[in-house]
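Examination of the molecular architecture
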Amino acid sequence: MRNLLVFILMVTAFSTTAQNTQKWWKEAIVYQIYPRSFKDTNGDGIGDLKGIIEKLDYIKSLGVTAVWLNPIYSSPNDDNGYDVSDYRNIMSDFGTMADFDLMLAEMHKRDIKLVMDIVVNHSSDEHEWFKQSRSSRDNPYRNYYHWWPAEKGTPPYRYSLFDEKGDAWKYDAQTNSYYLHYFSVKQPDLNWENPKLRQEVYDIMKFWADKGVDGFRLDAFQFAAKDVTYPAFPEGFEKNFVQYYAMQGDLHKYLQEMYEQVFSKYDVMSVAEGAGRNFQEAHELVDENRKELNMAYAFDGVDIPKRTGYSLDHFKTVFSRWDSAFAQEGWLSIFLSNHDQARMVNRYANAKPEYRAASTKMLNTFILSMRGTPYCYYGDELGMTNIGFESIDQYKDIAAINGYKKVVNTGGDVQTYMLDLAFGSRDNGRTPMQWDNTKNAGFGTGTPWLPVNDNYKKINVVAQEKDPHSELNHFKKMVQLRKDHPVLVYGKYTLLQKEHPDVYAYTRELDGKKVLVVLNFTEKKTVIQMPEAGNVGETLINNYDHFSIRKNEILLLPYQALIFELK
Ligand code: NOJ
Ligand code: CA
């Protein structure tokens, strides 16, 4: 009996510590850079690696500990680098391998880690593998991709996210066959069922790990494995395509192989884009004992806002459910934006001039006070906003342009589509970084590849560095707070008053230390009654210069964000 008790205690202790095991990647604060838009040093209008090097002291000043770079490999740029034509080379727009080596060394000198984007669900159609593969049916590279011989008839319909017809099979006359592309026609899907292809990928990853990179983000990886018998999917499956595309076949086997060959050999962090179709699959990707990945990057959070708005209740539900599903095992990423989203302040809060600053600070308080590794997208520390394009000619993103063609071709509602783009297009989140109030916001001397947002004279780094109450300085304060308080990294999360319509309140708790986070998600003054109000100690964060507490009530100004120590 006594032994059983000891055993139960040990198991309980083990399962809590498994979650709380300290790891650098759990404590990391990741800053995501879209290299094309960060800083241009040679006047061609395109950000480059030298630009990132130039801005490393700025990145360091934020306090962040890691940088995730969107793809920087050679690419014809059909999808801005997510179509790789040479995985061991640097895109000429961005610079050279020597620039890369210097950038990495300079990052490490500043104790900043580098996470690379690995894009291996597909390559570019200009990759040597694909050129070989399409050249003849018996080419040694034929099976690096997915081919369907035309004599078998039309292949079973597959949906493509970026194709102007939505069709993922493209006919190629050279060998009278179709190839598969879940994304654009210039992004043929790699055949993960081929062990040779898998080995090529692990070798590529080792090439970068040997250079000293600290982590990998695996692009679209949940789609990588496929049933190569290409069964027919039910009509209308495309409305729910993730159910059919994600976590197929031997995906876990491939991840375990990747772990064995790459992750286990280096001190690197690993995160896959996507987290499966449910919590169980998310756990199967990241639970430590399975030896696959370190953390999940789930989309439920960024799927919440719609052009017509969203409910705070929904927001609380999503983040709380993910937290509780990972309370014992596994680890999450926390983010509200990235290069596939419009600006976070437009989507989750309020970009009107009178509320933009407060609501930006509030959102950053949220990201940096949740359990999970926070990812902050460049410019969100300043509260950069959507650009507000009105005509399709202004867009550069293949998703926007081909999506438009599809709507036109199918007689869809173009006006609604344009409104959706203005709210949610990826180009909104890709405009040049706003460094100062000089020409092109200090991004570079040449015409930027995507226009600078007109509000750069007001929203820029130099202006915000000078203002102690700026969004930027609030961001830095939050970063420091997280670093100083392990409770914000590892502490247990408890949602308070789920039903409150305006306020998102929660506590975090670790080793007897407890903090209270209170966030007003609305443009109204509001009040929340809670016993904790009578028990607050030091104020750790406040995005205004004052706050009011009356007995058991906390009064909040529009978008006010507060963090207190609880006695
Ligand atoms: C997901 C990436 O985040 C996105 O930017 C890209 O277009 C697709 N994968 C295709 O690589
Ligand atoms: Ca440049």
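Residues numbered from 1 in each chain as written. Chains lettered and ligands numbered in written order. Predicted model: local features only at pLDDT ≥ 70, side-chain atom pairs only at ≥ 80, totals over all residues. Heavy atoms only, no water.

**Observations concerning the sheet that holds strand β17 (residues 526–529)**
As a reminder of what qualifies: Being paired, for any two strands, means DSSP has found at least two bridges between them. In DSSP terms, a helix is any run of H or I states spanning at least four residues, a strand is any run of E spanning at least two, and both are numbered starting from the N terminus. For helices, the axis comes from a line fit to the C-alpha atoms of the stretch in contact; other axes are also lines fit to C-alpha atoms, and the angle between any two N-to-C directions lies between 0 and 180 degrees.
Taken in spatial order, the three strands make up an open sheet running β17-β20-β19, and their pairing is antiparallel. Where the open sheet ends on each side, the last strands, each with one partner, are β17 and β19 (548–550). Averaged over all pairs of adjacent strands, the angle between their axes in this sheet comes to 25 degrees, without regard to strand direction. With three bridges connecting them, β19 and strand β20 (residues 553–556) associate as antiparallel partners. Pairing of R550 across the sheet is with E553, part of β20.

**Things to note about the pairing of strand β21 (residues 561–566)**
Put simply, the rule is: Per-residue accessibility, obtained with a 1.4 Å probe over protein chains only, is compared with the maximum for each type, and a residue is labelled buried under 20%, exposed over 50%, and partly exposed between these values.
For β21, the buried fraction is high: six of the six residues fall into the buried class. As paired strands, strand β16 (residues 513–520) and β21 are joined by five bridges and run antiparallel to one another. Bridge pairing in β21 links L519 to A561. For strand β18 (residues 536–542) and β21, the ladder comprises four bridges, and the chain directions are antiparallel. Each bridged residue has a counterpart across the sheet, and for V536 the counterpart in β21 is L566.

**With respect to the sheet that holds strand β8 (residues 177–180)**
As a reminder of what qualifies: What makes two residues a contact is simply this: any of their non-hydrogen atoms within 4.5 Å.
One open sheet accounts for three strands, arranged β6-β8-β7; its pairing is antiparallel. Only two strands of the sheet have a single partner each, and these edge strands are β6 (147–149) and β7 (169–172). The sheet shows a mean angle of 30 degrees between the axes of neighbouring strands, direction not considered. The sheet contact formed by β6 and β8 spans three bridges and is antiparallel. Among the inter-strand pairings, W147 is bridged to a residue of β8, identified as Y179. Lying on the sheet, helix α6 (residues 128–135) is in contact with β6, β7 and β8; it crosses β6 at an angle near 10 degrees.

**Some words on the site of ligand 1**
The line we're drawing: To be near a molecule or strand, a residue needs just one of its heavy atoms within 4 Å of it. For the purposes of these results, a polar contact is taken to be a pair of N or O atoms within 3.5 Å, where, inside protein, one atom must be able to donate a hydrogen and its partner to accept one; residues adjacent in sequence count only when each atom of the pair is a side-chain atom. All accessible-area figures derive from a Shrake-Rupley calculation using a 1.4 Å probe, and residue coverage is judged against the displayed protein chains alone. For this classification, the nonpolar set comprises Ala, Val, Leu, Ile, Met, Phe, Trp, Tyr, Cys and Pro, the charged set comprises Asp, Glu, Lys and Arg, and every other residue, Gly included, is treated as polar.
Around ligand 1 sit D79, Y82, H122, F162, F183, R217, D219, E273, H339, D340 and R426, and those are all the residues in its vicinity. In the model, an oxygen atom of ligand 1 is placed 2.5 Å from a nitrogen or oxygen of the D79 side chain. Taking R217, its side chain carries an N or O atom lying 3.0 Å from an oxygen atom of ligand 1. If ligand 1 stood free it would expose 300 Å²; the protein chains cover 97% of that surface. For the shell around ligand 1, a count of residues per class yields three nonpolar, two polar and six charged.

**As for the domain arrangement of the protein chain**
As a reminder of what qualifies: Segmentation into domains, and thus their bounds, comes from an automatic or database assignment. Throughout, buried area stands for the accessible area (probe radius 1.4 Å) lost by two parts on being put together, summed over both. In what follows, salt bridge is the name for a side-chain nitrogen of Lys or Arg lying within 4 Å of a carboxyl oxygen of Asp or Glu.
Domain boundaries in the protein chain define domain 1 (25–121 + 195–478), domain 2 (128–180) and domain 3 (491–566). Of note, the centres of domain 1 and domain 3, computed from C-alpha atoms alone, are 30 Å apart. The interface of domain 1 with domain 3 comprises 27 residues on the first partner and 27 residues on the second. Both sides together, the interface formed by domain 1 and domain 3 hides about 2200 Å², and carbon and sulfur atoms give 64% of it. Taken as a group, L312, K316 and M362 account for 28% of the area that domain 1 buries against domain 3, more than any other trio of residues on that side. At the boundary of domain 1 and domain 3, one finds two salt bridges. The partner of K498 in a salt bridge is D313, with the nearest N and O atoms 2.8 Å apart. For the interface between domain 1 and domain 3, the tally reads 14 residue pairs in polar contact (both at pLDDT 80 or more). By residue class, the composition of the side of domain 1 that touches domain 3 is 13 nonpolar, seven polar and seven charged.

**Quick word on the coordination of the calcium ion (ligand 2)**
Quick reminder of the rule: Atoms are scored as donors when they are N, O or S and lie within 2.8 Å of the metal, with 3.2 Å used for Na, K and Ca; no water is included, so coordination may look incomplete.
Listed as protein donors to the calcium ion (ligand 2) are D40 (OD), N42 (OD1), D44 (OD), I46 (O) and D48 (OD); their distances from the metal cover 2.3 Å. Summarised as a motif, the one-chain spacing of the donors to the calcium ion (ligand 2) is D-x1-N-x1-D-x1-I-x1-D.

**Some details on the packing of aromatic side chains**
Remark: the centre distance and the inter-plane angle together describe each pair of aromatic rings, the angle taken between the planes. What counts here: To pair, rings of Phe, Tyr and Trp, with the six-membered ring standing in for Trp, must have centres within 6.5 Å; the planes then decide the type, stacked if under 30 degrees apart, edge-to-face if over 60, and tilted in the middle. Only when the NZ of Lys or the CZ of Arg is both within 6 Å of the ring centre and within 35 degrees of the ring normal is a charge said to sit over the ring.
Taken as a whole and assessed by the stated rule, the structure comprises 61 aromatic pairs. Centroid distance W148 to Y230: 6.2 Å. Interplanar angle 70 degrees. Geometry classified as edge-to-face. On the criterion of sequence distance, the pair formed by W148 in strand β6 and Y230 in the loop between β9 (215–218) and α8 (241–245) is long-range, its members being 82 residues apart. With relative accessibility at 8%, the residue W148 sits in the buried group. Pairing Y182 with F223 gives two aromatic rings, centres 6.2 Å apart and planes at 80 degrees, and the pair type is edge-to-face. Remark: F223 occurs in the loop between β9 and α8 and Y182 occurs in the loop between β8 and α7 (195–211); sequence separation between them is 41 residues. Of the two residues, Y182 and F223, both sit in the buried class. Three or more aromatic residues link up through ring pairs in this structure, and these residues are Y157, Y159, Y182, F223, F233, F237, F241, Y244 and Y245. In this structure, K55 packs its charged tip against the face of W435, placed 4.1 Å from the ring centre. One residue, R158, lies across the ring of F233, its end atom 3.7 Å from the ring centre.

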